[in-house]
Protein chains: 2
Amino acid sequence: MDRVTMADVAKAAGVSVATVSYVLSGKRPVRPETRVAVEAAIRQLGFTLNSAARSLRTGRSALVGLVVPDLANPFFAQLASALQEHVRDLGLHVVVCNTRADRREELAFVREAVQQQFAGVVITPFRLVAKDLKPLEDAGVPVVVSADIRLDGVDRVEPEARAAMRAALTAVTASGRRRIAMIAGPRDATGGDPRLELLRALTGQFGTVLPHGMVVRGEHTREAGAAGFGQLMGLRHPPDAVFCANDVIAVGAMGRAEELGLRIPGDVSLIGYDDADFASLVRPRLTTIRYPAGAVGAAAARLLRERMDGRSVPKTLRVGAEFVERESV
Amino acid sequence: MDRVTMADVAKAAGVSVATVSYVLSGKRPVRPETRVAVEAAIRQLGFTLNSAARSLRTGRSALVGLVVPDLANPFFAQLASALQEHVRDLGLHVVVCNTRADRREELAFVREAVQQQFAGVVITPFRLVAKDLKPLEDAGVPVVVSADIRLDGVDRVEPEARAAMRAALTAVTASGRRRIAMIAGPRDATGGDPRLELLRALTGQFGTVLPHGMVVRGEHTREAGAAGFGQLMGLRHPPDAVFCANDVIAVGAMGRAEELGLRIPGDVSLIGYDDADFASLVRPRLTTIRYPAGAVGAAAARLLRERMDGRSVPKTLRVGAEFVERESV
DNA sequence: GTGAAAGCGCTAACAT
DNA sequence: ATGTTAGCGCTTTCAC
């Protein structure tokens, strides 16, 4: 019981392999009766296309790489889920690449994507810069960068978070807080930390500032969140409101607050980012800026498809972020 | 700037393509100096293997499919992460398949795996039965089933949860609870619900029973957890301890308890399963049976590798589950 | 509207 | 220890 090939189908249907191929691809007209015969043969023999052969011939695989710093972070898990769902219709599969925020792993996956002739790559670069993505462009692999950093010449999906951040600041200052701080991502991350930049840009409008001493940095982990929060609270003049680069960090901070006997939001307000699903589960429920992973996945899929359909000018899609007020402010 | 092929490398190194291939694969001895020359040429030309060509030739791709009911469930996200990490060393990539517990999607992915000649498949079947996996075996694709259900003839990784469940029951009965209930998975899920069977088998030893009326069923979602809990609490004689088929369900139940004004564990004990990372985040902290996703991923990778190395008799690996006592009992 | 045939870049006999 | 070569199954040009 060997593999069924197009040749088998062709023989069974009394046509040439070329015709079988064209019936499948629709790339040239086929007489209805021929089509029917071929389709019958396909069904009868249980033929399925060999994608390795197709890839070899066309120079493109049916794989989309998803490169993220932490697949276990619910935000990225949901992104993976959504992306997969959306590229399925295009007959594509999602290959996940967990880089653990490590630059070498990111680079390794970029190389893999070229080697495997991926149909596309969706990446949230963490320590990669624009030119690291160059090999992909050179190889003609469509790239979508999902991050709120400015990167030229590539398709991007980024949050539209200004209004949400403003709303957050409004809520924070309305509850009398003035000493704003942030637990941001690592200094050496790609693009610094755009969420920090946004916060900084906006604080001025609220009669406050975000002095350097009020910004601590770390990885996007609970541990870093705890450490950062501890650091902040050890200051001579500790903050009364702490923004976090994402919800994972915020949850770490919340844990440390409890250990320190600090009440949230009584003693200090805490604001997350992403609205990961545990955000509404922790106590107090985390007030956060929702960046919908599902919508991001959908946007990335759209960008990818447009590229594959021939668009050649870079495009960026904005996904709306939204202030979600719960109990931590 | 065309793609660099083995032929280019061979020419540059002054050898044949076969030699280049053998240098790469190590499948036959090569003189050191030859090897060096080839490696130099590879580096210099920036050659990378075309995996489509290799796959076409060998009849095997470098892809491992991970088929799960819900990629957004932290347990499966971590499994994906761990699996990827472990198969990387084998030069394999992980293709994720989110089936949303839908039998048709599960079947579709099994077909895909055959068509794409996957190097292996790790699957947590939800509505698939043994014979649905047959096409994979026929195609010679190594399969690892990750589930606590008995399936013959395939490699499996399953939890060793008896002791943990006994510990849970001990804790529950020690706090005076006797009216045990369970929110289990759907009746039509593959293998029924083994976690329910385990609980049922053990309750007898604790001087209690698990009558049919005390078992409600639903999907592995928060909504189903909430609904199931509500149903249980609407009983004439409601339970004073509720086991859940996983943590997602438990969290749903916890939410409904709050809406109902029921205190946990004051009025009713709640026990989860998995120890997803939000389990320690909810309040009260969820007491649960930890099934370590990372270890499951590692075990699956090991099984896969052994198969690829030639083992032909099915094998099952057990991963220890552990009772984690927190605040909900 | 259909067919014949040339490869895509590898691997693995089968030589030597 | 190395080289030659057939062919994996498809897509697509060129011919009819």
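Fair warning: this is a prediction, and the values are worked out from it, not measured in the lab.

What about the overall build of chain A?
Okay, step 1: Each helix and strand in chain A was counted, giving 12 helices and 12 strands.
Okay, step 2: Overall, chain A is about 85 × 35 × 35 Å in size when its C-alpha atoms are taken along their principal axes.
Okay, step 3: Counted over contacts in chain A with a minimum sequence separation of 6, partners at least 24 positions apart contribute 70%.
Okay, step 4: The averaged location of the 37 negative side-chain charges in chain A is 4 Å from the averaged location of its 43 positive side-chain charges.

Points about the nonpolar core
Okay, step 1: Val157, Val242 and Phe243 of chain A together with Val157, Val242 and Phe243 of chain B are the most contacted members of the largest nonpolar core, which has 158 residues in total.
Okay, step 2: The residues touching valine 157 of chain B, leaving out its near neighbours within four places in the chain, are Val144, Val145, Ser146, Ala147, Tyr291, Val296, Ala299, Ala300, Leu303, Leu317 and Val319 of chain B.

A word on the protein's contact with DNA strand C
Okay, step 1: What surrounds DNA strand C is a group of 27 residues, the closest being Thr19, Pro29 and Thr34 of chain A together with Arg54 and Arg57 of chain B.
Okay, step 2: Interatomic distance of 2.7 Å between a side-chain N/O atom of arginine 54 of chain B and a phosphate oxygen of DNA strand C.
Okay, step 3: Elements with a minimum of two residues in the surface near DNA strand C: α2 (17–25) and α4 (51–58) of chain A together with α2 (17–25) and α4 (51–58) of chain B.
Okay, step 4: With four residues, α4 of chain B is the largest single contributor of residues to the surface near DNA strand C.
Okay, step 5: For the surface near DNA strand C, the per-class residue count stands at 11 nonpolar, nine polar and seven charged.

Observations regarding the side chain of serine 51 of chain B
Okay, step 1: Structurally, the position occupied by serine 51 of chain B is in helix α4.
Okay, step 2: Its relative accessible area of 12% is what places serine 51 of chain B among the buried residues.
Okay, step 3: Apart from residues lying up to four places away in sequence, serine 51 of chain B is in contact with Gln115 and Gln116 of chain A.

Quick word on the relation of the copies chain A and chain B
Okay, step 1: Mapping chain A onto chain B is achieved by rotating through 180° and translating by 0.1 Å along the same axis, at an RMSD of 0.1 Å. Considering both components of the superposition, the chain copies are consistent with a two-fold axis.
Okay, step 2: A share of 100% of the interface residues of chain A reappears at the interface of chain B, consistent with the copies meeting face to face through the same patch.

Notes on the sheet that holds strand β2 (residues 93–98) of chain A
Okay, step 1: Within the open sheet, the 12 strands sit side by side as β11(A)-β5(A)-β4(A)-β3(A)-β1(A)-β2(A)-β2(B)-β1(B)-β3(B)-β4(B)-β5(B)-β11(B). Their pairing is mixed. The sheet is open, and its two borders are formed by β11 (316–320) of chain A together with β11 (316–320) of chain B, each paired with just one other strand. Mean inter-strand twist for the sheet, computed between neighbouring axes without regard to direction, equals 25°.
Okay, step 2: Of the strand pairs in this sheet, strand β1 (residues 63–68) of chain B and strand β3 (residues 120–123) of chain B are connected by four bridges, and their pairing is parallel. Across the sheet, the residue bridging to leucine 66 of chain B is valine 122 of chain B, located in β3 of chain B.
Okay, step 3: This element, helix α12 (residues 293–308) of chain B, spans β1, β3, β4 (143–146), β5 (155–160) and β11 of chain B of the sheet and lies at about 155° to β5 of chain B.

Quick look at the protein's contact with DNA strand D
Okay, step 1: DNA strand D sits among 28 residues. The nearest are Met6 and Arg57 of chain A together with Thr19, Arg31 and Thr34 of chain B.
Okay, step 2: Here serine 16 of chain B contributes a backbone N or O atom positioned 2.8 Å from a phosphate oxygen of DNA strand D.
Okay, step 3: Between DNA strand D and the protein, one listed contact pairs a phosphate oxygen with a side-chain N or O atom of threonine 34 of chain B at 2.4 Å.
Okay, step 4: Those elements that provide at least two residues to the surface near DNA strand D are α2 and α4 of chain A together with α2 and α4 of chain B.

Description of the interface of chain A and chain B
Okay, step 1: Contacts between the two partners involve 45 residues from chain A, matched on the other side by 45 residues from chain B.
Okay, step 2: With both chains or domains summed, chain A and chain B bury close to 4000 Å², and 52% of this area falls on carbon and sulfur atoms.
Okay, step 3: If you sort the residues of chain A by the area they bury against chain B, His93, Gln115 and Leu281 of chain A come out on top, with a joint share of 15%.
Okay, step 4: For the pair chain A and chain B, the interface holds eight salt bridges.
Okay, step 5: Glutamate 258 of chain A is the partner of arginine 283 of chain B in a salt bridge, and the nearest nitrogen-oxygen pair spans 3.2 Å.
Okay, step 6: On the surface where chain A and chain B come into contact, there are 18 residue pairs in polar contact (both at pLDDT 80 or more).
Okay, step 7: Sorting the residues of the side of chain A that touches chain B by element identifies α4, α5 (74–88), β2, α6 (103–115) and α11 (247–260) of chain A as the ones contributing at least two each.
Okay, step 8: A per-element tally of the side of chain A that touches chain B places α5 of chain A first, with seven residues.
Okay, step 9: When grouped by side-chain class, the residues that make up the side of chain A that touches chain B number 21 nonpolar, 13 polar and 11 charged.
Okay, step 10: Pairing between β2 of chain A and strand β2 (residues 93–98) of chain B: three bridges, direction antiparallel. Among the inter-strand pairings, valine 95 of chain A is bridged to a residue of β2 of chain B, identified as valine 95 of chain B.

What about the packing of helix α1 (residues 6–13) of chain A against α2 of chain A?
Residues and elements named next belong to chain A.
Okay, step 1: The N-to-C vectors of α1 and α2 enclose an angle of 100°; their axes lie 8 Å apart at closest approach. Between α1 and α2, the crossing angle belongs to the class labelled roughly perpendicular. Counted together, Met6, Ala7, Val9 and Ala10 of α1 and Val17, Val20, Ser21 and Leu24 of α2 form the full contact between these two elements.
Okay, step 2: Residue classes in the contact of α1 with α2 are distributed as seven nonpolar, one polar and no charged.

Digging into the domain arrangement of chain A
Okay, step 1: Split by domain assignment, chain A resolves into domain 1 (6–48), domain 2 (60–158 + 293–317) and domain 3 (162–290).
Okay, step 2: Domain 1 of chain A and domain 2 of chain A are separated by 35 Å when their C-alpha centres are compared.

Quick look at the packing of aromatic side chains
In this description, a pair of aromatic rings is defined by centroid distance and the angle of the planes.
Okay, step 1: Under the defined criterion, the tally for this structure stands at four aromatic pairs over all chains.
Okay, step 2: Geometrically, the ring pair formed by phenylalanine 75 of chain B and tyrosine 291 of chain B is stacked, given 5.7 Å between the ring centres and 15° between the ring planes. Taken as a pair, phenylalanine 75 of chain B in helix α5 (residues 74–88) and tyrosine 291 of chain B in the loop between β10 (287–290) and α12 lie far apart in primary sequence, 216 residues in all. Residue phenylalanine 75 of chain B shares its accessibility class with tyrosine 291 of chain B, and that shared class is buried.
Okay, step 3: Among the aromatic residues, those joined into a cluster by ring pairs are Phe75, Phe76 and Tyr291 of chain A.
Okay, step 4: Taking NZ or CZ as reference, arginine 195 of chain A lies 3.7 Å from the ring centre of tyrosine 273 of chain A, over its face.

With respect to the sheet that holds strand β6 (residues 180–184) of chain A
All names here are of chain A.
Okay, step 1: With mixed pairing, six strands are arranged side by side in an open sheet as β7-β6-β8-β9-β10-β12. With one partner strand each, in any of the chains shown, β7 (215–217) and β12 (322–324) form the two edges of the open sheet. Across the sheet, the mean angle from the axis of one strand to that of its neighbour is 20°, orientation sign disregarded.
Okay, step 2: As paired elements, β6 and β7 share three bridges and run parallel to each other. Bridging from a neighbouring strand, alanine 184 pairs with arginine 217 of β7.

Some words on α2 of chain B
All names here are of chain B.
Okay, step 1: Those residues of α2 not exposed but buried are Thr19, Val20 and Val23. Projected onto a plane normal to the axis of α2, the buried residues spread over an arc of 100° and lie on a single side.
Okay, step 2: Summarising the contacts, the buried residues of α2 are in contact with α1 (6–13) and α3 (32–45).
Okay, step 3: Phi turns positive, to about 70°, at glycine 26, one or two residues after α2.

Reading the values: rules and limits
- Just so you know, the residues in each chain are numbered from 1, in the order the chain's sequence is written.
- As they are written, the chains are lettered A onward and the ligands numbered 1 onward, keeping that order.
- In keeping with the predicted nature of the model, local features appear solely for residues at pLDDT of at least 70, side-chain atom pairs appear and are counted solely at 80 or more, and the whole-chain, interface and lining totals rest on all residues.
- Heavy atoms throughout the structure, all of them, feed into the side-chain values; hydrogens and water do not.
- Only DSSP runs of H or I reaching four residues or more are called helices, and only runs of E reaching two or more are called strands; each is numbered from the N terminus.
- Should any heavy atoms of two residues lie within 4.5 Å, those residues are considered in contact.
- Positive charges come from Lys and Arg alone, negative charges from Asp and Glu alone, with His and the N- and C-terminal ends not counted.
- Where a charge sits is defined by one atom per residue type, namely NZ (Lys), CZ (Arg), CG (Asp) or CD (Glu).
- The definition of a nonpolar core used throughout is a set of buried Ala, Val, Leu, Ile, Met, Phe, Trp, Tyr and Cys residues joined through side-chain atoms within 4.5 Å.
- Each residue's exposure class comes from its accessible area (1.4 Å probe, protein chains only) as a fraction of the maximum for that residue type: buried when under 20%, exposed when over 50%, partly exposed otherwise.
- Neighbouring residues are identified by heavy atoms, a residue being near a molecule or strand if any of them is within 4 Å of it.
- Polar contacts, as counted here, are pairs of nitrogen or oxygen atoms within 3.5 Å of one another; within protein the pair requires one atom able to donate a hydrogen and one able to accept it, and residues that are adjacent in sequence qualify only if both atoms are side-chain atoms.
- For this classification, Asp, Glu, Lys and Arg are treated as charged, while Ala, Val, Leu, Ile, Met, Phe, Trp, Tyr, Cys and Pro are nonpolar and the rest, including Gly, are polar.
- All copies are superposed by least squares; the fitting set is the C-alpha atoms of residues with a pLDDT of at least 70 in both.
- Any two strands with at least two DSSP-identified bridges between them are counted as paired.
- Where helices are involved, their axes are fitted lines through C-alpha atoms of the stretch in contact, as for all axes, and angles between N-to-C directions lie from 0 to 180°.
- Throughout, the accessible surface (probe 1.4 Å) given up by two parts as they are put together, summed over both, is called the buried area.
- Any carboxyl oxygen of Asp or Glu within 4 Å of a side-chain nitrogen of Lys or Arg constitutes a salt bridge here.
- With respect to orientation, any angle under 35 degrees is reported as roughly parallel, any angle over 145 as roughly antiparallel, any angle of 65 to 115 as roughly perpendicular, and every other angle as oblique.
- Where each domain begins and ends is defined by an automated method or by a domain database.
- Ring pairs are drawn from Phe, Tyr and Trp, using the six-membered ring of Trp, whenever the two centres fall within 6.5 Å, and their geometry is named by plane angle: stacked under 30 degrees, edge-to-face over 60, tilted for the rest.
- Should the NZ of a Lys or the CZ of an Arg lie within 6 Å of a ring centre and within 35 degrees of the ring normal, that charge is described as sitting over the ring.
- The arc refers to the directions leading from the helix axis to the C-beta atoms.

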